[in-house]
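Results of the structural survey
Each chain is listed here by its residues.
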Amino acid sequence: MEPRGYVVPFYSLNNSAEEDTLDKTKPFDISIEVVREAYARVKVKQGAAGVDGETIEDFEENLEKNLYQIWNRMSSGTYFPPAVRSVEIPKNDGKGGVRRLGIPTVSDRIAQTVIKLYLEPDVEPIFHQDSYGYRPNKSALDAVASARKRCWRYNWVVDLDIRAFFDTLDHELVMQLVRKHTSCRWILLYIERWLKAPIQLQDGSLQERNCGSPQGSVISPLLSNIFMHHVFDVWMQQEIQHVPFERYADDAIAHCATENQAKYVRDRIAQRLALYKLELHPDKTRIVYCKDDDRKGSYEHEKFDFLGYEFRPRLSKNKRGKHFVNFTPAVSTKAKKRMSQEMRSWGIHLRSDKSIQDLARMFNATVQGWINYYGRFYKSELYSTLRQLNHDLEIWARKKYKRLRAHGTRAVRWLASIALREPNLFAHWRFGLRPDGWAMGAG
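Residues numbered from 1 in each chain as written. Predicted model: local features only at pLDDT ≥ 70, side-chain atom pairs only at ≥ 80, totals over all residues. Heavy atoms only, no water.

Further remarks concern the overall build of the chain. Looking only at helices and strands, the chain has 16 helices and 13 strands in total. Dimensions along the principal axes, computed over C-alpha positions, put the chain at roughly 75 × 60 × 45 Å. Residue burial in the chain is summarised as follows: out of 443 residues, 51% are buried. Across the chain, the fraction of contacts at a sequence separation of at least 24, relative to all contacts at a separation of at least 6, is 68%. Entry remark: accessible area of the chain is about 22,000 Å², with carbon and sulfur atoms responsible for 48%. (Helix = DSSP H or I, 4+ residues; strand = E, 2+ residues; numbered from the N terminus. Buried < 20%, exposed > 50% of the residue type's maximum accessible area, 1.4 Å probe, protein only. Contact = heavy atoms within 4.5 Å. Areas by Shrake-Rupley, 256 points an atom, 1.4 Å probe, with all protein chains shown as cover.)

Per-residue confidence for the chain gives a mean pLDDT of 90, with 91% of residues at or over 70. Considering only residues more than four positions removed or in separate chains, one finds that residues 7-21, a stretch of pLDDT under 50, has 20 contacts. When the criterion is pLDDT under 50, residues 438-443 qualifies, and its contacts beyond four places in sequence or with other chains add up to twelve contacts. (pLDDT = per-residue confidence, 0-100.)

What follows covers the side chain of Asp292. Looking at the secondary structure, you find Asp292 in the loop between β8 (286-289) and β9 (304-306). Within the structure, Asp292 has its side chain in polar contact with the backbone nitrogen of Asp294 (distance 2.9 Å). Within the structure, Asp292 has its side chain in polar contact with the backbone nitrogen of Arg295 (distance 3.0 Å). The contact partners of Asp292, leaving out residues within four places of it in the chain, are Val325, Asn326 and Phe327. (Polar contact = N/O pair within 3.5 Å; in protein donor to acceptor, adjacent residues only side chain to side chain.)

Pairing between the strands of a sheet is mediated by backbone hydrogen bonds and can be parallel or antiparallel. An order of β6-β7-β3-β8 is seen for the four strands of this open sheet, with the pairing classed as antiparallel. Two strands lie at the open edges of the sheet, namely β6 (245-248) and β8, each paired on one side alone. Taking the axes of each pair of neighbouring strands and ignoring which way they run, one obtains an average angle of 15° across the sheet. In this structure, strand β3 (residues 156-161) lies alongside strand β7 (residues 251-256), joined through six bridges in antiparallel fashion. Paired with Leu160 across the bridge in β7 is Ala252. Where helix α10 (residues 219-239) meets the sheet, its contacts fall on β3, β6 and β7, and the angle it forms with β6 comes to roughly 175°. Contacts between helix α11 (residues 259-274) and the sheet are confined to β3, β7 and β8, with β3 contributing the most and set at about 20° to the helix. (Pairing = 2+ DSSP bridges. Axes fitted to C-alpha atoms, helices over the stretch in contact; angles between N-to-C directions.)

The next thing to look at is the pattern of salt bridges. Within this structure, the stated rule accounts for 23 salt bridges. In this structure, the salt-bridge partner of Glu172 is Arg179, at a minimum N-O distance of 3.5 Å. Given a relative accessible area of 39%, Arg179 falls into the partly exposed group. Note that Glu192 is salt-bridged to Lys196, the shortest N-O span being 3.5 Å. You can see Glu192 and its partner Lys196 sitting in helix α9 (residues 185-196), four residues apart, about one turn around the helix. By relative accessible area, which is 45% here, Lys196 ends up partly exposed. Three or more residues joined by partner-sharing salt bridges are found here, namely Lys303, Glu310, Arg312, Arg314, Lys336 and Glu381. (Salt bridge = Lys/Arg side-chain N within 4 Å of Asp/Glu carboxyl O.)

Moving on, we come to the sheet that holds strand β1 (residues 84-90). Strand order in the open sheet formed by four strands is β2-β1-β4-β5, and the pairing between neighbours is mixed. Edge positions in the sheet fall to β2 (98-103) and β5 (206-207), since each has one partner strand and no second. Looking at chain direction, β1 and β2 are connected through six bridges and run antiparallel. Paired with Arg85 across the two strands is Ile103, which belongs to β2.

Going through the model one piece at a time under the given rule, you end up with zero disulfides. In this structure Cys256 is not part of a disulfide, and its nearest cysteine sulfur, from Cys290, lies 9.6 Å away. With relative accessibility at 0%, the residue Cys256 sits in the buried group. (Disulfide = S-S within 2.5 Å.)

Residues apart from glycine generally show negative phi values, whereas peptide bonds are mostly found in trans. One non-glycine residue with positive phi stands out, namely Ala249, at about 60°. With respect to the helices and strands, Ala249 occurs in the loop between β6 and β7. Unusually for a residue other than glycine, Lys277 sits at a positive phi of about 60°.

Here we come to the nonpolar core. The biggest cluster of nonpolar side chains holds 71 residues, and the ones touching the most others in it are Met74, Ile110, Trp186 and Phe227. Sorting elements by how many residues they give to this core places α10 first, with ten residues. Every residue in contact with Phe227, bar those within four places of it in the chain, is listed here: Phe165, Leu169, Leu173, Val174, Leu177, Tyr276 and Leu278. Ranked by size, the runner-up nonpolar core spans 54 residues in total, among them Ala147, Val157, Phe304 and Val367. (Core = buried A, V, L, I, M, F, W, Y, C linked by side-chain atoms within 4.5 Å.)

Taking 1.5 Å of rise per residue, 18 residues should cover 26 Å, and helix α5 (residues 106-123) covers 25 Å from first to last C-alpha, within 8% of that figure. The sharpest bend along α5 comes to roughly 30°, located at Leu117, with the proline Pro121 sitting one to four residues further on. Among the 18 residues of α5, 15 are classified as buried, and the element is accordingly described as predominantly covered. (Expected span 1.5 Å × (residues − 1). Bend = angle between axes of the 7 residues up to and from the residue.)

Encoded structure:
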């Protein structure tokens, strides 16, 4: 049995003797090729080790045996997921909170990917066009682009924040909604086992779970999309059909014509979510006025953050060179703060043992990722943050080369000469931020 829409990958792992004697009488018909494809996808994404400490490299030391073991246990119904390792990371709310991620083992990530390969082709075609999170051929930037256009057409936004969404998902409700899309016994069996798998806390103790689906697992995004498809997307389309929205996992905004409509929509959504044991955060859910040159008056909230972008009134210039105020997104203050913190953590000024080419190789991928994401809209807002890199490189050069230590301007001229010879050496130089100031066309 192959998942619908599944294509056997063009590559093939070395066949083992065990595969030649696969037991075809297993109660569950799961393809060994799908297990291999699942492994290939997990390998591409890498990821940290789970509770067993096993890395991808460790898993590959006995690859065929490990893949066969996953297939054998899943096919026989004897696969039981191990505990999920809990990792706390800082929240992006600027308030010092933490978000708990769940890190499954390598084997468990492969097993979850097997389920995803079978289930996703059945549910993906029915998902709403304005659901963007963790879906093939859709991205967070697509959601930001759609929100940008709709903020120009609609005066008001309901900025929705679901309190502790992934931590509070009701397991029975999740299973009820998944059963709408599959009656496959083993898919339902393993999803239920994953939902109930305990979490290993940082002190090594195990915590049982009766609700929630850990962020960081392979299957959680798909389960959250199935859940929100029924709870939010379909309901919005049927009950409040004239209100467009963008949703990325549990992060969503809705566009309204008037303040009264926005209040009505907020209250209706809160009532709907309560039926499924979810709650809008009372402080973080806001009604926002999309103020620009044509929208007069003022309101308590005139900006909101969505997927790392801050939407607010900004000075823009039209094709004729005339300036006007436009409600549009740019990299958020929180995102700029996170980038600055990460750049400081690199300690570039302490790496005098490295060449400038070494530094470019070490950090270009990260910087280019920032540029690709946050440079899509109103890119000039990103300039001041990335210019910090040139300052760090200047300090690095003064520490590394004695002839540059006495005069900062000499270090800047030295960097500028390198940028002239190798303008593509650093990602932010290619973006238009030369060491001696703005490059042509960077504005």
